[in-house]
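Chain and residue survey
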Amino acid sequence: MTRPIQAIVHPAALVNNLLVARQAVPAAKIMAVVKANGYGHGLLRVARALEESDGFAVLSVEEAVRLREAGFTQPILLLEGVFESGELSVVSELGLCIVVHSVEQIEMLRRGWSPVKLSVFLKLNTGMHRLGFAPDAFRSALAALQACAIVGQITLMTHFATADEALGVSDQLARFNTLTQGLTFPRTLANSAACLRYPETQGDWVRLGIMLYGASPFATQRAADIGLEPAMSLVSEIISVQNVKLGEQVGYGGTYRAERDMRIGIVACGYADGYPRHAETGTPILVMGQRTRTLGRVSMDMLAVDLGEIPDAGVGSPVTLWGVGLPVEEVARATGTISYELLCARAERVLVIED
Ligand SMILES: *Cc1c(COP(=O)(O)O)cnc(C)c1O
């Protein structure tokens, strides 16, 4: 028998979540962000489910090649642009769109040759201070791009640092609007959080990741309340049952000691599967659909759960680490991280199937 851990991807949820996005920003085109192997769901699997999206955003030329080879004809944006001038030939050949965030990249375009004009997304740093041109460098960057023979369509782009938090987007949005006033280029500003909370940021393109995968970008609002459905369930089974006596330890380091005589289940899932090792005793988990808690430290290939309230559970009982019935955001919160990290961390050895 094979190890029972699996990531079940729910294509219908991806389709539903795309519809939720369409209703939130009906005037914008939707770029499905499928970087990091489709946030751990599988690049092509996600792209197929989201084939109705107007474009895709990825990080590397390799991902873009896979999408084109699979037959996707939508615009594909390289979110960090090219890393070296040698990539421009593939960009040209496959008709990719590229972010331009630095003078070095403008220089590559100035020296580059392409039989077709390239579509570029000029990135403005409006306050995130990660990638992009500072406000005082923006106009000269724009002029330099317009002077490049191989540059065709220009789209203006920025990225929000706090769209999912109380701080919101107002400062960055105001800066973007001031800087780009009077310019008629298409615009793209919003990620999932901005799309849902600040529809005034929708522009011509929205760049959506986490919400398409069915997780809420907000700490204070649940995905289900927004109409989102989880696109991945990480499931496994109980492979052993232990009866431990009051005071006996469970797992490495003996960080958990039984508070009474109890039945515990050992689940085939560990940190080598992408489950966070720093999940402490009490992290929520489902056994036979019932909510219980993890016990002690997560091992490389296993973790322990409390079966005290689930007497029917035994070897072979189904376990949900996150997904349908247990939002990944909840597990993320309990383990001091965000849903993005848990989804992306799904290990190669975890088989992905579609329901
Ligand atoms: C990853 C990414 C997104 C998607 O963000 P979500 O919060 O997952 O919607 C949007 N824009 C850029 C530039 C990104 O890198």
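Residues numbered from 1 in each chain as written. Predicted model: local features only at pLDDT ≥ 70, side-chain atom pairs only at ≥ 80, totals over all residues. Heavy atoms only, no water.

Our focus in this paragraph is the overall build of the chain. Scanning the chain for helices and strands turns up 12 helices and 18 strands. Overall, the chain is about 75 × 40 × 35 Å in size when its C-alpha atoms are taken along their principal axes. Burial status across the chain gives 55% buried among its 355 residues. Partitioning the contacts of the chain with sequence separation of at least 6, the portion at a separation of at least 24 is 64%. With the model as given, the accessible surface of the chain reaches about 15700 Å², and the carbon-plus-sulfur share is 52%. Across the chain, the mean location of the 30 positive side-chain charges is 2 Å away from that of the 36 negative side-chain charges. (Helix = DSSP H or I, 4+ residues; strand = E, 2+ residues; numbered from the N terminus. Buried < 20%, exposed > 50% of the residue type's maximum accessible area, 1.4 Å probe, protein only. Contact = heavy atoms within 4.5 Å. Areas by Shrake-Rupley, 256 points an atom, 1.4 Å probe, with all protein chains shown as cover. Lys, Arg positive; Asp, Glu negative; His and termini not counted. Charge placed at Lys NZ, Arg CZ, Asp CG, Glu CD.)

Turning to the nonpolar core, a few remarks are in order. The biggest cluster of nonpolar side chains holds 115 residues, and the ones touching the most others in it are Leu67, Leu109, Leu122 and Trp322. A domain split of this core shows at least three residues from each of domain 1 (11-219) and domain 2 (232-354). Apart from the residues within four sequence positions on either side, Leu67 is in contact with Val34, Leu43, Leu44, Ala47, Phe56, Val58, Phe72 and Ile76. (Core = buried A, V, L, I, M, F, W, Y, C linked by side-chain atoms within 4.5 Å. Domains from an automatic or database assignment.)

Turning to the site of the ligand, a few remarks are in order. Taken together, 13 residues surround the ligand, and among them Lys35, Tyr39, Ser192, Ile210 and Tyr340 come closest. One of the backbone N or O atoms of Gly209 is found 2.9 Å from an oxygen atom in the ligand. Taking 390 Å² as the accessible area of the ligand by itself, protein coverage stands at 91%. For the shell around the ligand, the secondary-structure elements that each account for two or more residues are helix H2 (35-39) and strand S9 (205-208). The residue makeup of the shell around the ligand, split by class, is 7 nonpolar, 4 polar and 2 charged. (Near = heavy atom within 4 Å. Polar contact = N/O pair within 3.5 Å; in protein donor to acceptor, adjacent residues only side chain to side chain. Nonpolar A, V, L, I, M, F, W, Y, C, P; charged D, E, K, R; others polar.)

If you check which residues of helix H8 (residues 170-179) are buried, you get Gln172, Leu173, Phe176 and Leu179. Along H8, the residues classed as buried sweep out an arc of 135° about the axis, all on the same side. The exposed residues of H8 that point more than 90 degrees off its buried face are Asp171 and Thr178. Tucked inside the fold, the buried residues of H8 contact helix H7 (135-146), strand S7 (151-157) and strand S8 (187-188). (Arc of directions from axis to C-beta.)

Attention shifts here to the environment of Phe133. One can find Phe133 in the loop between strand S6 (118-123) and H7. Since its relative accessible area comes to 6%, Phe133 is described here as buried. Measuring from C-alpha to C-alpha, the distance between Phe133 and Lys123 comes to 6.3 Å, with 10 residues separating the pair along the chain. Setting aside residues up to four positions removed in sequence, Phe133 forms contacts with Val100, His101, Ser102, Val103, Ile106, Leu122, Lys123, Leu124, Asn125, Phe138 and Ala141.

This part takes up the pattern of salt bridges. All told, the structure shown has 11 salt bridges when counted by the stated rule. For Glu330, the salt bridge identified is with Arg291, shortest N-O distance 2.6 Å. On the criterion of sequence distance, the pair formed by Glu330 in helix H11 (residues 328-334) and Arg291 in strand S15 (residues 290-295) is long-range, its members being 39 residues apart. Of the residues examined, Glu330 reaches a relative accessible area of 24% and is grouped as partly exposed. Arg291 sits in the partly exposed class, given a relative accessible area of 47%. Linked through salt bridges whose partners overlap, the residues forming this network are Arg3, Asp273, Asp301 and Arg349. (Salt bridge = Lys/Arg side-chain N within 4 Å of Asp/Glu carboxyl O.)

Among the 7 residues that make up S7, 5 are buried, leaving the element largely enclosed by the rest of the structure. Bridge count between S6 and S7: 5 bridges; the pairing is parallel. Across the sheet, the residue bridging to Lys123 is Met157, located in S7. Traced from S6 through H7 to S7, the parallel crossover comes out right-handed. Where S7 lies against S8, 2 bridges are found, and the strand directions are parallel. (Pairing = 2+ DSSP bridges. Right-handed = clockwise from strand over helix to strand, strands pointing away.)

All right, on to the pairing of S6 then. When you tally the buried positions in S6, you get 6 out of 6 residues, the bulk of the element. Burial along S6 is two-sided: the residues Leu118, Val120 and Leu122 and Ser119, Phe121 and Lys123 are all buried. Each parallel crossover has a hand, and the one from strand S5 (residues 97-100) via helix H6 (residues 103-111) to S6 is right-handed.

Right, let's talk about the domain arrangement of the chain for a bit. The domains assigned to the chain are domain 1 (11-219) and domain 2 (232-354). The straight-line distance from the C-alpha centre of domain 1 to that of domain 2 is 37 Å. Contact with domain 1, which involves 14 residues of that partner, is made by 11 residues of domain 2. Summing both sides of the interface, domain 1 and domain 2 together bury roughly 1100 Å²; the carbon and sulfur share of this comes to 57%. Our count for the domain 1 to domain 2 interface comes out at 1 salt bridge. The shortest N-O distance in the salt bridge between Arg45 and Glu354 comes to 3.2 Å. Inspection of the domain 1/domain 2 interface yields 3 residue pairs in polar contact (both at pLDDT 80 or more). (Buried area = accessible area lost by both parts, 1.4 Å probe.)

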